[in-house]
Amino acid sequence: MPDPNGTRKVVILGGGPAGLTAALYAARGNLEPLVIEGVEKGGPTGGQLMLTEEVENYPGFAEGTTGPELIEEMRDQAERFGTSYWTEDADEVDLSERPFRVVAGDREVFAQALIIATGARPRRLEVPGEDRLWGSGVSACATCDGFFFQDQDVVVVGGGDSAMEEATFLTKFASKVTVVHRRDNLRASKILQERAFKNDDVEFIWDAVVTEIHGDDRVTGVTLENTEPGDSLERTGETRELSCGGFFLAIGHIPNTSLFEGKLDMDDQGYLNVEHPSTKTNVPGVFASGDSVDNFYRQAVTAAGTGCRAAMDAEQFLSDAG
Ligand code: NAP
């Protein structure tokens, strides 16, 4: 049983694939983990996968599944072996001594070992109109909001895999999808590029950035400014207007690690540093997994893999600590 004084063997921060896989392994190791799974800060409990409609590349689902279904299965599976959940955001952590203290809302808990799986959130452009029209035509999730843009023209900004995936997906609803990319070549994988290039409903505007999003109650268009041709991001001052009913951001992510600033080593983008190939952070007993560490692979299956490693590292740490 968990210690009645509120000390757990393992507390896991984050309820996405990394956190839930860590929970499954920790629970099966009799560590009775508590998952503080987080609430709506850039996405519902369950992390970014909750915003992913079709998941076709998670092994074991020959016909594919959806993000919410996959999360529900993972959550139930971890619960079956003794995981408990708090649906709250962790607000404060004290990692200066063990057991580590975690505050979430009006509750606190102490942890002999802590696993961080807080994920990442979509990056924003930070241009006029973006905040004001967020949810009124501005979105970072085509799979969640695409349906609302039937027969409208939409703009997707970005040149990576997400932008290609979102653009292609949005053609199911929109009359035309225009991808605006700040350079003249994409960083997306070839297969996703080709899929978008082949789609007659996807157009590309190269060497341009969005400088403003227009609309009173809903998005009506954007202002674009050209950048110098090629890989230069230097702006030319030449602008144009593009009308659209929807505007989708697909320009990468920011790790949810501000809680650990000054407490754990991280890189200049805020991704937590770990002792590869382990999940050990610079504080013994604190382990990090998933997108809070990974700025490259960012897949549900890679997040799940590091969650598994974090639980095994925590188990080893606790047995060594006696
Ligand atoms: P990403 O690869 O980091 O691409 C972000 C894109 O946004 C880049 O093209 C970047 O331009 C552009 N960008 C960044 N900041 C910008 C700004 N302020 N203004 C305009 N454009 C901006 O992010 P992602 O597409 O979200 O992918 C992240 C990771 O997840 C990748 O490793 C990707 O392979 C993976 N992923 C995989 C799949 C899949 O396999 N099905 C699907 C989605 C994502 P530059 O190119 O000029 O830097």
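Residues numbered from 1 in each chain as written. Predicted model: local features only at pLDDT ≥ 70, side-chain atom pairs only at ≥ 80, totals over all residues. Heavy atoms only, no water.

1. Thoughts on the packing of aromatic side chains
Move 1: In this structure the tally under the stated criterion is eight aromatic pairs.
Move 2: Consider the rings of phenylalanine 197 and phenylalanine 204, whose centres lie 5.0 Å apart with planes at 55°: the pair is tilted.
Move 3: Ring centres of phenylalanine 204 and tryptophan 206 lie 5.0 Å apart, and the angle between their planes is 10°; this geometry places the pair in the stacked category.
Move 4: On the accessibility criterion, phenylalanine 204 (18% relative accessible area) is buried. (Phe/Tyr/Trp six-rings, centres within 6.5 Å; stacked < 30°, edge-to-face > 60°. Buried < 20%, exposed > 50% of the residue type's maximum accessible area, 1.4 Å probe, protein only.)

2. Structural notes on the state of the cysteines
Move 1: Across all of its chains, the model carries zero disulfides by this definition.
Move 2: Left unpaired, cysteine 244 is separated from the closest cysteine sulfur, that of cysteine 141, by 17 Å. (Disulfide = S-S within 2.5 Å.)

3. Some points on the pattern of salt bridges
Move 1: Using the criterion set out here, one finds nine salt bridges in the structure.
Move 2: Linking arginine 107 and glutamate 88 is a salt bridge whose minimum nitrogen-to-oxygen distance equals 3.0 Å. Of this pair, arginine 107 sits in strand 6 (residues 107–116) while glutamate 88 is found in the loop between strand 3 (84–86) and strand 4 (92–94), placing the two residues 19 residues apart along the sequence.
Move 3: One continuous salt-bridge network, built from bridges that share partners, spans Glu92, Arg101 and Glu108. (Salt bridge = Lys/Arg side-chain N within 4 Å of Asp/Glu carboxyl O. Helix = DSSP H or I, 4+ residues; strand = E, 2+ residues; numbered from the N terminus.)

4. Topic: a negative patch on the surface
Move 1: A cluster of acidic residues, Glu69, Glu72, Glu73, Asp76 and Glu79, forms a negative patch at the surface.
Move 2: Structurally, aspartate 76 can be placed in helix 2 (residues 67–80).
Move 3: Judged by relative accessible area, aspartate 76 falls into the partly exposed class, the value being 39%. (Patch = residues over 30% accessible without salt bridge, like charges linked within 9 Å, V, L, I, M, F, W, Y side chains within 5 Å. Areas by Shrake-Rupley, 256 points an atom, 1.4 Å probe, with all protein chains shown as cover. Lys, Arg positive; Asp, Glu negative; His and termini not counted. Charge placed at Lys NZ, Arg CZ, Asp CG, Glu CD.)

5. A closer look at the sheet that holds strand 13 (residues 221–227)
As a general point, the strands of a sheet are linked pairwise by backbone hydrogen bonds and lie either parallel or antiparallel.
Move 1: With antiparallel pairing, the three strands of this open sheet are ordered in space as 12-13-14. Strands with a single pairing partner mark the edges of an open sheet, and in this sheet they are strand 12 (208–214) and strand 14 (235–243). Here the strands of the sheet are splayed against their neighbours by 25° on average, with no regard to which way each runs.
Move 2: As paired strands, strand 13 and strand 14 are joined by six bridges and run antiparallel to one another. The residue of strand 14 that forms the bridge with glycine 221 is serine 243. (Pairing = 2+ DSSP bridges. Axes fitted to C-alpha atoms, helices over the stretch in contact; angles between N-to-C directions.)

6. Let's talk about the side chain of serine 289
Move 1: Positionally, serine 289 belongs in the loop between strand 17 (286–288) and helix 6 (300–321).
Move 2: Look at serine 289 and you get buried, because its relative accessible area is 1%.

7. Focus on the site of the ligand
Move 1: Taken together, 18 residues lie around the ligand, and Asp161, Ser162, Arg183, Phe296 and Arg298 are the ones closest in.
Move 2: A distance of 2.9 Å is found between an oxygen atom of the ligand and a side-chain nitrogen or oxygen belonging to arginine 182.
Move 3: A distance of 2.6 Å separates an oxygen atom of the ligand from a polar atom in the side chain of arginine 183.
Move 4: For the ligand, the protein covers 78% of the area, taking 910 Å² as the surface of the free molecule.
Move 5: The biggest single contributor to the shell around the ligand is helix 4 (residues 161–170), with three residues. (Near = heavy atom within 4 Å. Polar contact = N/O pair within 3.5 Å; in protein donor to acceptor, adjacent residues only side chain to side chain.)

8. Looking at the sheet that holds strand 11 (residues 202–205)
Move 1: Reading across the sheet, the five strands line up as 8-15-9-10-11 and stay open at both edges, with parallel pairing between neighbours. At either margin of the open sheet sits one strand with a lone partner, and together these are strand 8 (138–139) and strand 11.
Move 2: Judged from the four bridges that link them, strand 9 (residues 153–157) and strand 15 (residues 246–249) form a sheet pairing that is parallel. Within strand 15, the position partnered with valine 154 by the bridge is glycine 246.

9. Some remarks on the pairing of strand 9
Move 1: In terms of residue burial, strand 9 counts as a mostly covered element, since four of its five residues are buried.
Move 2: By the bridge criterion, five bridges tie strand 9 to strand 10 (residues 176–180) in an arrangement that is parallel. Bridging from a neighbouring strand, valine 154 pairs with valine 177 of strand 10.
Move 3: The parallel pair strand 9 and strand 10 is bridged by helix 4, and the resulting crossover is right-handed. (Right-handed = clockwise from strand over helix to strand, strands pointing away.)

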